[in-house]
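Breakdown of the fold
Chain residues, written in single-letter form:
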Amino acid sequence: MPKVVKPRKGKSAIIETPRPEFIFEGGLRKVLPYKQTYLAQVKQRWVNRTVPEIFASEMPRRCTQSMIVEAMKRGDVLVNDSIVSPEYILKGGESLRSNNCHRHEPPVPDTPIKIIEQTEDYVVFDKPHGITVHPNELSFFNTALEILRSDNDIPTYMHAINRLDAVTSGVVIFANVSDTAVRERFQPPNTNDTNDTELNSQVQKEYVCRVVGEFPEGPIVVTEPILPQGGKVTIDPAGKPSETRFERIWFDLASNTSLVRCHLKTGRQHQIRLHVAHLQHPIANDKLYNPDYNSDWAQRNPTATASGETRFYPVEIPPERQPYMPYYITPETPCHKCKEEQDAANMPNPNNMKIWLRAIRYQGPDWKFEVDMPDWADPKVLK
């Protein structure tokens, strides 16, 4: 029986498929296109609409109405696991299943994942830059979780205790979170009368980053609240409480950069990146929060995003290239992503898939895991 991967709230579940083929070249780990099956519950906004209409309106880069009509006729798109007419009107509580969908994944740096410690209850590793921690909408096999399951045989019951941005490297812990004793060892109950799972005084989280300019000496504490907004985060009174303590390690006049030690009391998305930018000392090579950063590669390559991650879809796709990466390939709907990959076009440079931010220590009441300082902690390293 195929395994259903539990989706994030409001997202489609993924039915696991046999491992695809991989290519290792140019410093990248590439997944060859493969067929994927998705399972979703009918959302409220889909009720009283047809399946082809929903697919075409919600995924124009991947679907057309005529494509889904044909897929429904041959049984690739099912409602409640049954073939229905393309004119069928969806109801609440029903399920949608999409079989044999054509899928690509973004390439990631071909950097070995170093295991720090491994037991039957947990595994701790040094996550390289450029790799997401766990499966998401774009990546499944090219994620740290699936790479470790494949290469190191870690059990399927292990899941992330902490997460890092794809462009960030450092300590990540996977553990058997279904075991209460194991979960509470790495995520001790709060001692501060709050239900905020991102705020825990019993877990110490230490990072280093390299920022623009001469960072002030002496400890600096930033407590600005953080609010997610359109793929970034921003300082906003309506945001969640956030606290970071910073200490400068060195300032290098030649490069006009400072190495800064960061201690997180909370663990919000992009917290360090936003807090140092708020202090007018953004991470030097962080394209998302450093407005003055300019990369020649990013200018030449339209798949470069503001944050340094690889943009899987071009910023703009002309109508004649829609759908760009179709669910189902036909003579009328060829896959433009396949052609790009065959021509080695828009391939990212693995050195551009990182920022100068690294998690160097995570520590709890009876455990501590550390990794080495990064090479860019040397002021002479400029890339």
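The rules we used
Residues numbered from 1 in each chain as written. Predicted model: local features only at pLDDT ≥ 70, side-chain atom pairs only at ≥ 80, totals over all residues. Heavy atoms only, no water. Pairing = 2+ DSSP bridges. Helix = DSSP H or I, 4+ residues; strand = E, 2+ residues; numbered from the N terminus. Buried < 20%, exposed > 50% of the residue type's maximum accessible area, 1.4 Å probe, protein only. Phe/Tyr/Trp six-rings, centres within 6.5 Å; stacked < 30°, edge-to-face > 60°. pLDDT = per-residue confidence, 0-100. Contact = heavy atoms within 4.5 Å. Polar contact = N/O pair within 3.5 Å; in protein donor to acceptor, adjacent residues only side chain to side chain. Axes fitted to C-alpha atoms, helices over the stretch in contact; angles between N-to-C directions. Parallel < 35°, antiparallel > 145°, perpendicular 65-115°, else oblique. Left-handed = near helix turned anticlockwise from the far one by under 90°. Nonpolar A, V, L, I, M, F, W, Y, C, P; charged D, E, K, R; others polar.

Attention shifts here to the sheet that holds strand β4 (residues 28-31). Spatial ordering of the open sheet is given by β3-β4-β8, a layout of 3 strands whose pairing is antiparallel. Two strands close off the open sheet at either side, each with one partner strand: β3 (22-25) and β8 (108-109). Sheet topology note: the β3/β4 ladder contains 4 bridges and is antiparallel. Directly across from E25, in β4, lies its bridge partner L28.

Our focus in this paragraph is helix α5 (residues 271-278). Of all 8 residues in α5, 7 are buried; the element is thus mostly enclosed. The complete set of buried residues in α5 reads Q271, I272, R273, L274, H275, V276 and A277. Positive backbone phi, at 70°, marks Q280, one or two positions downstream of α5.

Each aromatic ring pair is specified by the distance between its two centres and by the angle formed by the two planes. Taken as a whole and assessed by the stated rule, the structure comprises 15 aromatic pairs. Note on F55 and Y327: the rings are 6.0 Å apart at their centroids and 75° apart in plane angle, and the pair reads as edge-to-face. Of this pair, F55 sits in helix α1 (residues 51-58) while Y327 sits in the loop between α6 (296-300) and α7 (336-342), and the two are 272 residues apart along the sequence. Per residue, the accessibility class of F55 equals that of Y327, and both read buried.

On to the confidence of the model for the protein. Predicted confidence across the protein gives a mean pLDDT of 87, with 87% of residues reaching 70 or more. Contacts for the low-pLDDT stretch residues 1-8, under 50 throughout, to residues beyond four places or in other chains number 16 contacts. Note on residues 296-310: pLDDT is under 50 here. Beyond four places in sequence and across chains, it has 36 contacts.

Position of H281 relative to the elements: it lies in the loop between α5 and α6. Polar side-chain contacts of H281 include one of 2.7 Å to the backbone oxygen of V212. Aside from chain neighbours lying at most four places away, what touches H281 is V211, V212, G213, E214, F215, P216 and V276.

The next point concerns the pairing of strand β12 (residues 169-176). For a regular strand, side chains alternate in direction, first toward one face of the sheet and then toward the other. With 8 of 8 residues buried, β12 is to be regarded as a mostly interior element. Where strand β10 (residues 122-127) meets β12, 6 bridges bridge the pair, whose relative direction is antiparallel. What sits directly across from K127, in β12, is G170. As paired strands, β12 and strand β19 (residues 357-364) are joined by 2 bridges and run parallel to one another. Counterpart to S169 in the pairing with β19 is R358.

We now examine the side chain of S242. As for its placement among the helices and strands, S242 is situated in the loop between β16 (232-235) and β17 (244-252). From its side chain, S242 meets the backbone oxygen of K240 in a polar contact 3.0 Å long. Sequence-distant contacts of S242, defined by excluding residues within four places in its chain, comprise V222, T223, E224, P225, I226, T266, R268, Q271 and H275.

Quick look at the packing of α1 against helix α2 (residues 65-74) now. Axis separation between α1 and α2 bottoms out at 8 Å; the angle between their running directions is 135°. As far as their axial angle goes, α2 and α1 are oblique. When the axes of α1 and α2 are compared, the crossing they make is right-handed. Counting all contacts with α1, which are made through V51, P52, E53, F55 and A56, the residues of α2 involved are Q65, I68, V69 and M72. Along the lines of polarity and charge, the residues of the contact of α1 with α2 split into 7 nonpolar, 1 polar and 1 charged.

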